Amino acid sequence: MFLAACFIILFIIFISKWIIFWKKIRAASKSLFDIPRADGIPIAGNIGDFFCSEVEKWKRSRERASKYYPIYRIQVFGSNIVCLLNPEDIQTILGDLKQTSKGDIHDFFGRLIGNGIVNSEGEIWHKRRKLLTKSFHFSVLRNYIEIFNNGVKRTVHHLKKEVNLPVDVLRHSKNLMFRIVNESIVGEKTTVEDKDVEQYIEGAQTIMKILHYNSTRPYMTWLYRNISMRDEVETALKNISNVLAKVLAGKDSTNPVKNDEHSWKLLDLLRAAKNLFQAQEIKDEVNTFLLGGHNGSATALSYILMVIANYTNYQEDIYEEMKTNISDMENPTYAELKSMDFLDRFLKECIRLYPPGPYIVRKLDCEVVTKSGYTLPTGTHLIIHIFDVHRNAAVFTEPDKFNPDRFLADNVRDRHPFSYIPFSAGPRNCLAQKYSMLKLKACVCGILRNFKLEPISLLKDMVFVPNTVLKTKEDIRVKFVSRKT
Ligand code: HEM
């Protein structure tokens, strides 16, 4: 009896507190309630999203994108996340230099890997961006070609041991991209060993897994602090830190720090900018570039190889273009890679259909009125699902069809600049966009020079699951067959 009375009193307190909270939220963000809400249950809204399977989560997002275009919100109790889908609204946010905040999930990410450029905001972000852009400016890109070519030769060497077998392409892509990004940051040959690379990649995988769990299950923050998952994260962070120490030490021992603010090498720039970066911040920044850089590029490359394997005709078109444009197949030059227009269109179409980063988040630093006519208050959390933006039938006719000609100059001219955003767009876009495209070209050429690719995983069978990078339920597998030249 006593227990029942206590329970009823607690229940009444909870409900009255909740009603006060709800009224406050509603008054503060009245305009949010005008935005269509994705189908859900009363009060708890879309709480079901937290508990359904990963495949179902992915499916729901895609269905909502087509049902509620151009804008909708996901609501769980008093919290709302607004999803933007049309290019004009996206431009309003991404094109605005004032909107640099990314919100709670990036705060959590920052607690895990430190506040590198990806997690920083406001004035700090602005200063870092200005400095670090120098390393990826188009005028210095030719400096990376040797790193790209040597990296892919090493991977080809490994792939030769697995010819005619089903190969997990993401595994090789991650190794390749880690080494390339590492050498690009330091500006010279890496001294880290294979086991270090594996250790870093495994650690990074754990961090990204936790980040994804946390973004789709907010109660995970509590769990992270309180249960064994914390041990897994601590081990991953320790392993990452050990490898980072080797990445930084390798540079110290073989080539003393130049403190050269005119250098194109990222690590030199970081070390020269003593007002912005102390030892810990340099480590955090190098980690940010290594983690984001290898993960995004490796994801891109694995889908690209899968698409090449699935389309024999395009594979031969790329190979023909290589034969025409490259004089020494083992060592394509900067100018030769740049001249490969068909490969360029092919890669762009690959990352349209399979954007390595499937979504971007923002938290509004000031109120915004969207072109679609809604007022979004300061503090609103936003998601931009790049995957859906790239499959907008109003922009891309037959959006699910693979067609590199979409990127012919005539077809691009009238397209809205924020309708194709694999590297995001606006002032906070990917710092390394041009570098990444060039690197992907070098990697594809290095691989196709040596192998014909045959499909094991079929594009039509692909099932996606939500993650921080575009992820399939099953591993992507491709067969590498030696090319007889
Ligand atoms: C195909 C490969 C890649 C893709 C598709 C990609 C995509 C993106 C996207 C969508 C963003 C915006 C994220 C956001 O606003 O939350 C971003 C930011 C960024 N990317 Fe990439 N990225 C790739 C490769 C790389 C590489 C190789 C590096 C560096 C070595 C890099 C460095 C960065 C940095 C530093 C930012 C943050 C920029 C800022 O906040 O100002 N990315 N990238």
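Residues numbered from 1 in each chain as written. Predicted model: local features only at pLDDT ≥ 70, side-chain atom pairs only at ≥ 80, totals over all residues. Heavy atoms only, no water.

### Let's talk about the overall build of the protein
When helices and strands are counted, the protein shows 19 helices and 11 strands. Computed over the C-alpha atoms, the radius of gyration of the protein is 24 Å, within 12% of the 23 Å expected from 2.2 N^0.38 for a compact globule of 485 residues. C-alpha extents for the protein along the principal axes are approximately 85 × 50 × 45 Å. For the protein, long-range pairs separated by at least 24 residues make up 74% of all intrachain contacts whose partners lie at least 6 apart in sequence. By element, 57% of the accessible surface of the protein is carried by carbon and sulfur atoms, the whole surface being about 22,600 Å². Once the 69 positive and 55 negative side-chain charges of the protein are each reduced to a mean point, those two points are 3 Å apart. (Helix = DSSP H or I, 4+ residues; strand = E, 2+ residues; numbered from the N terminus. Rg over C-alpha atoms; globule rule 2.2 N^0.38 Å. Contact = heavy atoms within 4.5 Å. Areas by Shrake-Rupley, 256 points an atom, 1.4 Å probe, with all protein chains shown as cover. Lys, Arg positive; Asp, Glu negative; His and termini not counted. Charge placed at Lys NZ, Arg CZ, Asp CG, Glu CD.)

### Thoughts on the nonpolar core
Core analysis: the largest hydrophobic core is formed by 122 residues, its most contacted members being Val-286, Phe-346, Leu-453 and Phe-480. Take this core: its biggest share by element is 15 residues, from helix α13 (residues 279-310). When sequence neighbours within four positions are dropped, the list of residues in contact with Phe-346 reads Ile-304, Val-307, Ile-308, Tyr-314, Ile-318, Phe-402 and Pro-404. (Core = buried A, V, L, I, M, F, W, Y, C linked by side-chain atoms within 4.5 Å. Buried < 20%, exposed > 50% of the residue type's maximum accessible area, 1.4 Å probe, protein only.)

### Structural notes on the UniProt feature "binding site: heme" (unreviewed entry) in the protein
As recorded in UniProt, the sites labelled "binding site: heme" (unreviewed entry) are Cys-430. Mapped onto the elements, Cys-430 comes out in the loop between α18 (409-412) and α19 (433-450). Taking the relative accessible area as the measure of exposure, Cys-430 reaches 29% and is therefore partly exposed. Residues contacting Cys-430, with those up to four places away along its chain left out, are Arg-129 and Phe-423. (UniProt positions renumbered as here; feature names shortened; annotations may be inferred.)

### Examining the pattern of salt bridges
Summed over the entire model, instances satisfying the criterion amount to 29 salt bridges. A salt bridge links Arg-62 to Asp-388, with the nearest nitrogen and oxygen atoms 2.7 Å apart. Separated by 326 residues along the polypeptide, Arg-62 in helix α3 (residues 54-68) and Asp-388 in helix α17 (residues 386-389) bring together distant segments of the chain. As far as burial versus exposure is concerned, Arg-62 and Asp-388 are alike and both buried. A salt bridge links Arg-352 to Glu-349, with the nearest nitrogen and oxygen atoms 2.7 Å apart. In this pair, Arg-352 and Glu-349 both sit in helix α16 (residues 341-353), three residues apart, roughly one turn of the helix. In this pair, the class of Arg-352 matches that of Glu-349, namely buried. (Salt bridge = Lys/Arg side-chain N within 4 Å of Asp/Glu carboxyl O.)

### Some details on the sheet that holds strand β2 (residues 79-84)
Spatial strand order, β1-β2-β7-β4: four strands in an open sheet with mixed pairing. Two strands in the sheet have a free side with no partner beyond their single neighbour: β1 (71-76) and β4 (359-363). Looking at each pair of strands side by side, their axes are set apart by 25 degrees on average, direction ignored. Where α3 meets the sheet, its contacts fall on β1 and β7 (381-385), and the angle it forms with β1 comes to roughly 135 degrees. (Pairing = 2+ DSSP bridges. Axes fitted to C-alpha atoms, helices over the stretch in contact; angles between N-to-C directions.)

### Observations concerning the site of the ligand
Around the ligand, a shell composed of 26 residues is seen, among which Lys-102, Trp-125, Arg-129, Arg-428 and Cys-430 lie nearest. The separation between an oxygen atom of the ligand and a polar side-chain atom of Lys-102 is 3.0 Å. Between an oxygen atom of the ligand and a side-chain N or O atom of Arg-362, the distance comes to 3.1 Å. Those elements giving two or more residues to the shell around the ligand turn out to be α6 (122-132), α13, β4 and α19. The element contributing the most residues to the shell around the ligand is α13, with five residues. In terms of residue class, the shell around the ligand is built from 15 nonpolar, six polar and five charged. (Near = heavy atom within 4 Å. Polar contact = N/O pair within 3.5 Å; in protein donor to acceptor, adjacent residues only side chain to side chain. Nonpolar A, V, L, I, M, F, W, Y, C, P; charged D, E, K, R; others polar.)

### Some remarks on α13
Taking 1.5 Å per residue as the helical rise, α13 with its 32 residues ought to reach 46 Å, and the 47 Å between its terminal C-alpha atoms agrees with that figure. A large share of α13 lies buried, amounting to 24 of its 32 residues. (Expected span 1.5 Å × (residues − 1).)

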